[in-house]
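# Analysis of the macromolecular model
So the chains spell out like this:
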Amino acid sequence: MYEVEQAIDIKAPPYNAKTNGVDDDSPAIIQALKDANTKGIGLIKLSGNVTIGSTITINGGNVGFIANHISKANVQPKSGYSGTLFEAKGQYRSEGTTVVPNISFENITFNGLEIADKALYIKGGYKILLSKCRFLKFTGEFVYFDQVFDSWIDKCVFDYSAGTDLSKPLFMLNYGSGDNTNQIHFNGCRWENFNRPAIKLNSGPNRYETVNEIKFISCKWESVYKADFIVLNRCANINFALCNFAMPIGLSSDKPFYGIRVNNSNSIHIMASEAEWFVSGDTSFPFLYADSQSSNISFQGNLGAFVYNTRLPIEVEPGFLGLNLYGAYENGYPANKVTNAADSVINMVPVINAVGENAAVNMTFQKESIYFKWAMRPQSDGSLNIERNGVLYAKYNADTKLFVPSGGAYFSGGWSSGSLLRIGGYYLWVDKKNSLRMKINPPTSDNDGIIVASNNTFNWYEATLLNRFTHYNTSMRIEYAKDAQNTVFIRGASSKGALNRTVFNLPAGFRPSKDQYFVAVNDLNGVYVANLKIDSSNGNVILMSASNPNPTDFVRYDITFKVDS
């Protein structure tokens, strides 16, 4: 960074900017940008009330705008101008290689005066720095990053939003076209007094068009009104550490809003942060909401003070996979709760903390006259009892893993019984032949999926040779077998016989659905080859041709193929 004394001062000759909040200072800034690029200074000093009457375009990057901490500059639109104050446009990486690198703004206040759309728009940017700046009263996105990477936003404040378009957050991180936005670092920033989402991370429809590797360190969001704090659309690797989410303002009759709304995103981690989440009225909204397309969200070492009635701090759609709560706790309120979690995977370690000789964690299902009370109760030997209505149902310890006192876990089995064993997305059942089957989705028939354990033993059957063919010797007799996955195996060797003749016949159940052709070894040294055919219509194994001058002296059968179940 250059020292201020080395900077071009827009108030000095030949620029002579008025900076009085009335006259248009855009021409002076545009000329300063040209001279900075020519002279290689790269730093422009702003002071006073800088007025922008048309968009300032930064071409090529490598420039900084600075006001020192004593004489901060206020940048605002000229009366009647409603566009963007500063923009820098490189190319999307799908369009070319031109980026706008090394652009910085420091100690500057950007005030949209409730008429300007944006303070900054950066497309195709690299190493962008916003430091100790304040952004307020813009009708659109205060700052819009469109395919920007490896950039920092340090100790900036975003507050007092104008406009009501909820699709326009105060800070937008967009994926761009054909590539991604990544490695953006927010440090010590604050979002205050806003009625639109504070920040939105928006990835594209393709896997490579993502917003990822975004970090928020020591940031704070507070005094929001009827809007989500943070919206994550198809994002990955988003991290919050030492952050504070404080007190939304609104009524339960408002459209639902959340601290963090997660849509089709994964690897969201909130660490050592504080959430103070209060909503007036008879119903509150969750602090975090995740849809079923999202996964792998974790809270670690977080302190939450939640006031809620029927909606709880964390809500996930049915089918959501991977919510992990480690050492999270609340200040004087019930332990962390998750609502609408049917068919979801949720790990709580150790969210619910029960201490004492007869400590228990109780969970109750109650609907009309149906009532089930479940309890998890640790024992003095280190095991864990699982009880229903006071009756021991299962015990867990390190030695036996899971022990079910009533004689073992039992699933009634049939594919249509509704009592299938499910592991992840896999379904297991026992078919009518008493074989264990598995399928990635719910089965549609008894013989659907694949057999993973057969009730039948694996047996080799000796082939009956035809047309004067003989087994080569006793150690290489021709045999066939079939395993539980319907794979047929043939082994052994033949001698004598003749070409274009059937060697032996495979019985029904061992025959392929279509004709199969194989190449076989035609001599003991592996020099010659023979061609075999298995006729699907009748199971005949036929020696078609051979390259050995003595074609039928030795033919080796090492054959494997699948048959229909």
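Residues numbered from 1 in each chain as written. Predicted model: local features only at pLDDT ≥ 70, side-chain atom pairs only at ≥ 80, totals over all residues. Heavy atoms only, no water.

### Considering the sheet that holds strand E45 (residues 461-462)
- Taken in spatial order, the four strands of this open sheet run E45-E47-E48-E55, and their pairing is antiparallel. If you trace the sheet from one side to the other, it starts and ends with E45 and strand E55 (559-562), each paired once.
- Bridge count between E45 and strand E47 (residues 479-482): two bridges; the pairing is antiparallel. Bridge pairing links Tyr461 to Tyr480 in E47. (Pairing = 2+ DSSP bridges. Helix = DSSP H or I, 4+ residues; strand = E, 2+ residues; numbered from the N terminus.)

### Re the confidence of the model for the protein chain
- Averaged over every residue, the pLDDT of the protein chain is 81; the share at 70 or more is 78%.
- Looking across the protein chain, the model is least confident in strand E35 (residues 345-349), with a mean pLDDT of 42, and most confident in strand E50 (residues 501-505), with 97.
- Segment residues 307-312: pLDDT under 50, and 25 contacts once partners within four positions in sequence are set aside and those in other chains are kept.
- Contacts for the low-pLDDT stretch residues 327-355, under 50 throughout, to residues beyond four places or in other chains number 83 contacts. (pLDDT = per-residue confidence, 0-100. Contact = heavy atoms within 4.5 Å.)

### Some words on the sheet that holds strand E42 (residues 426-430)
- Pairing is antiparallel across the open sheet formed by four strands, whose spatial order is E41-E42-E43-E44. The outermost strands of the open sheet, each flanked by one partner alone, are strand E41 (421-423) and strand E44 (450-453). Along the sheet, successive strands turn relative to each other by an average axial angle of 35°, direction set aside. (Axes fitted to C-alpha atoms, helices over the stretch in contact; angles between N-to-C directions.)

### Quick look at the state of the cysteines
- The tally for this structure, following the rule as stated, stands at zero disulfides.
- Free cysteine Cys133: the closest other cysteine sulfur is in Cys156, separated by 4.8 Å.
- Look at Cys133 and you get buried, because its relative accessible area is 3%. (Disulfide = S-S within 2.5 Å. Buried < 20%, exposed > 50% of the residue type's maximum accessible area, 1.4 Å probe, protein only.)

### Side note on the environment of Gln91
- Here Gln91 is to be found in the loop between strand E7 (84-89) and strand E8 (100-106).
- Here Gln91 falls in the partly exposed class, since its relative accessible area comes to 27%.
- Sequence separation between Gln91 and Gly125 is 34 residues, and the spatial gap between their C-alpha atoms is 8.6 Å.
- Apart from the residues lying within four places of it in its own chain, the contact partners of Gln91 are Gly96, Thr97, Thr98, Lys123, Gly124 and Gln147.

### Side note on the side chain of Ser26
- With respect to the element layout, Ser26 can be found in helix H1 (residues 26-39).
- Looking at Ser26, its side chain comes within polar contact range of the main-chain nitrogen of Gly53, at 2.9 Å.
- Not counting residues within four places of it along the chain, the set of residues in contact with Ser26 comprises Thr51, Ile52, Gly53, Ser54 and Ile56. (Polar contact = N/O pair within 3.5 Å; in protein donor to acceptor, adjacent residues only side chain to side chain.)

### Observations concerning the pattern of salt bridges
- All told, the structure shown has 15 salt bridges when counted by the stated rule.
- A salt bridge links Arg437 to Asp431, with the nearest nitrogen and oxygen atoms 2.7 Å apart.
- With a closest N to O distance of 2.8 Å, Arg491 and Glu479 form a salt bridge. Separated by twelve residues along the polypeptide, Arg491 in strand E48 (residues 487-491) and Glu479 in strand E47 bring together distant segments of the chain.
- Each of the salt bridges in this network shares a partner with another, and the network as a whole consists of Asp117, Lys118 and Glu141. (Salt bridge = Lys/Arg side-chain N within 4 Å of Asp/Glu carboxyl O.)

### Digging into the nonpolar core
- In this structure, Phe86, Phe110, Phe186, Trp191 and Trp221 are the most contacted members of the largest nonpolar core, which totals 81 residues.
- Sequence-distant contacts of Phe110, defined by excluding residues within four places in its chain, comprise Val75, Leu85, Phe86, Phe105, Ala119, Leu120, Cys133, Arg134, Phe135, Leu136 and Phe138.
- Ile490, Phe504, Val541 and Tyr557 belong to the second-largest nonpolar core, a separate cluster that totals 23 residues. (Core = buried A, V, L, I, M, F, W, Y, C linked by side-chain atoms within 4.5 Å.)

### As for a nonpolar patch on the surface
- Taken together, the side chains of Leu421, Ile423, Tyr426 and Ile440 make up a nonpolar region of the molecular surface, amounting to roughly 360 Å² of accessible area.
- Among the structural elements, Leu421 can be located in strand E41. (Patch = residues over 30% accessible without salt bridge, like charges linked within 9 Å, V, L, I, M, F, W, Y side chains within 5 Å. Areas by Shrake-Rupley, 256 points an atom, 1.4 Å probe, with all protein chains shown as cover.)

### Structural notes on the packing of aromatic side chains
- Taken as a whole, this structure holds 31 aromatic pairs when the rule is applied.
- For the ring pair Phe86 and Phe105, a centre distance of 5.4 Å and an interplane angle of 70° mean the geometry is edge-to-face. Taken together, the positions of Phe86 in strand E7 and Phe105 in strand E8 put the pair 19 residues apart, joining distant regions of the chain. Take Phe86 and Phe105: they sit in the same class, and that class is buried.
- Note on Phe158 and Phe171: the rings are 5.6 Å apart at their centroids and 80° apart in plane angle, and the pair reads as edge-to-face. Taken together, the positions of Phe158 in strand E15 (residues 157-159) and Phe171 in strand E16 (residues 171-174) put the pair 13 residues apart, joining distant regions of the chain.
- If you follow Lys482 out to its NZ or CZ, it ends over the ring of Phe510, 5.3 Å from the centre.
- Just above the ring of Trp460 sits the side chain of Arg491; from NZ or CZ to the centre is 3.7 Å. (Phe/Tyr/Trp six-rings, centres within 6.5 Å; stacked < 30°, edge-to-face > 60°. Lys NZ or Arg CZ within 6 Å of the ring centre and 35° of its normal.)

### Let's talk about H1
- Here H1 is 14 residues long and its end C-alpha atoms lie 20 Å apart, about the 20 Å a rise of 1.5 Å per residue gives.
- Residues of H1 that are buried: Ser26, Ala28, Ile29, Ala32, Leu33, Asp35 and Ala36.
- Positive phi appears at Gly40, one or two residues downstream of H1, with a value of about 70°. (Expected span 1.5 Å × (residues − 1).)

### Some words on the environment of Ile44
- Looking at where Ile44 falls in the secondary structure, it is placed in strand E2 (residues 43-45).
- Take Ile44: its relative accessible area is 0%, and that puts it in the buried class.
- For the pair Ile44 and Phe105, spaced 61 residues apart in sequence, the C-alpha to C-alpha distance is 9.6 Å.
- Among all residues touching Ile44, those that are not within four sequence positions of it are Ala7, Ile8, Ile10, Ala32, Leu33, Ala36, Val63, Gly64, Phe65 and Ile66.

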